[in-house]
Amino acid sequence: MLTEPGPRPSFAPRNWPGWLIVAVLWLLGHTPATLALWLAHSLGGLMRVTMGSRRKVAERNLQACFPKLDAQQREKLLRGSFYALARAVFETAWIWAHASKRIARISYLDGFEHLEAAHSTGRGVLLVGLHSTCLEMGGHVLGMAMKQRGWIAAPMYRPLKNEVVEWYQIRGRMNYTDGMISKRNMRSAIRQLRRGNIVWYAPDQDFGPDQTAFAPFFGIQTASLLATHKLAALAGCAVVPMHPFYDVEKKSYCVRLLPAMEGFPSNDEATDLQRINHLTEELIRTKPDQYWWVHRRFKTRPPGEPPFYS
């Protein structure tokens, strides 16, 4: 069963912090694109200074993943990543405020024929993405295109702890999707895929040793989610990579879709994890400043290895 927005939360005192966040998001959601992109530069600088612990995580990740860059080059990449994070705040606010017409003017699809080809077979399609800073924007742009064609699609997501913000998030996303699937509800994802529907999934996060196996990512043994292999194997679906990013030259958002992965899944989980990690790495390298470097991607270590973040 897909998750849909429940009743609007009350204005009880315990919900006031959530309603304050929603009010700010609503205001940002009505900020013109040109002004928002300009403000994001200042906000990105502020976030880099105030988010000290996350900045250190990003610095450690960049140092490990791009060892050939010198300190000045990595600092430039770090600044760019925080600008992209700040831009994501406005992007998310636009989407949750239902600014579809504005977004349509500054976005485009590339390679949509690959998704059409996979969907035309009658099998379900697992859209495999990555945590680009404009993942929310990519979901909206692609979701609107699928909804216009009458396709049923749902993203997998992590529910928010704040009741009010969670309600506002799902309410905003229902504009371009048919419902949400909690990352804890794999059975629902499998059902959707077996019905020939589309599920979006971004597996590039560290959820601990119980749901992962180690595979190389940027040359580092990384706890990698087994769910991509299992979903494809259990549902018998096609797997289509997607990559949302901000196109600086065109000043537009792009969702790039690649051909369905051949021979995926295989009978070897390790091989499939390596393929997914290699694909993710290659996509990151095309727009390295637009990746979610503040995530502790290498937190879980193989037995005997020291902590990655200290």
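Everything here concerns the structure above.
So, here's what we can say about the structure.

Reading guide: rules and limits
Residues numbered from 1 in each chain as written. Predicted model: local features only at pLDDT ≥ 70, side-chain atom pairs only at ≥ 80, totals over all residues. Heavy atoms only, no water. Helix = DSSP H or I, 4+ residues; strand = E, 2+ residues; numbered from the N terminus. Rg over C-alpha atoms; globule rule 2.2 N^0.38 Å. Buried < 20%, exposed > 50% of the residue type's maximum accessible area, 1.4 Å probe, protein only. Contact = heavy atoms within 4.5 Å. Areas by Shrake-Rupley, 256 points an atom, 1.4 Å probe, with all protein chains shown as cover. Lys, Arg positive; Asp, Glu negative; His and termini not counted. Charge placed at Lys NZ, Arg CZ, Asp CG, Glu CD. Pairing = 2+ DSSP bridges. Expected span 1.5 Å × (residues − 1). Arc of directions from axis to C-beta.

1. Considering the overall build of the protein chain
Helix and strand content of the protein chain: 11 helices and 9 strands. Its C-alpha atoms give the protein chain a radius of gyration of 19 Å, within 12% of the compact-globule value 19 Å for 310 residues. Each of the three principal axes of the protein chain carries a C-alpha extent, and together these read 50 × 50 × 45 Å. Taking all 310 residues of the protein chain together, 55% fall into the buried category. Put simply, of all contacts in the protein chain between residues at least 6 apart along the chain, 78% involve residues at least 24 apart. Surface summary for the protein chain: the accessible area is close to 15,000 Å², and the carbon and sulfur share equals 56%. Positive and negative side-chain charges in the protein chain, numbering 39 and 25 respectively, have mean positions lying 6 Å apart.

2. Notes on helix α9 (residues 186–194)
What α9 keeps buried is the set S188, A189, I190, Q192 and L193. Elements in contact with the buried residues of α9: β2 (125–128), β3 (153–157), β4 (181–182), β5 (198–201) and α10 (227–235). The positive-phi residue at the C-terminal boundary of α9 is G196, with phi of around 90°.

3. Some remarks on the pairing of β5
Here β5 shows two buried faces, one formed by I198 and W200 and the other by V199 and Y201. Here β2 pairs with β5 via 4 bridges, running parallel. Bridged to L126 within β5 is V199. Across 3 bridges, β3 lies against β5 in parallel orientation. Bridge pairing in β5 links A154 to V199.

4. Section: helix α3 (residues 52–65)
When the terminal C-alpha atoms of α3 are compared, their 20 Å separation across 14 residues agrees well with the 20 Å that a helix rising 1.5 Å per residue should span. If you check which residues of α3 are buried, you get V57, A58, N61, L62, A64 and C65. Here the buried residues of α3 occupy an arc of 165° about the axis, which is enough to place them on one side. Where α3 is buried, its residues meet α4 (71–96), β7 (220–225) and α11 (269–286).

5. With respect to the side chain of T222
Position of T222 relative to the elements: it lies in strand β7. Given a relative accessible area of 0%, T222 falls into the buried group. Every residue in contact with T222, bar those within four places of it in the chain, is listed here: A213, F214, A215, F217, R297 and F298.

Limitation: the analysis is restricted to geometry and does not speak to function.
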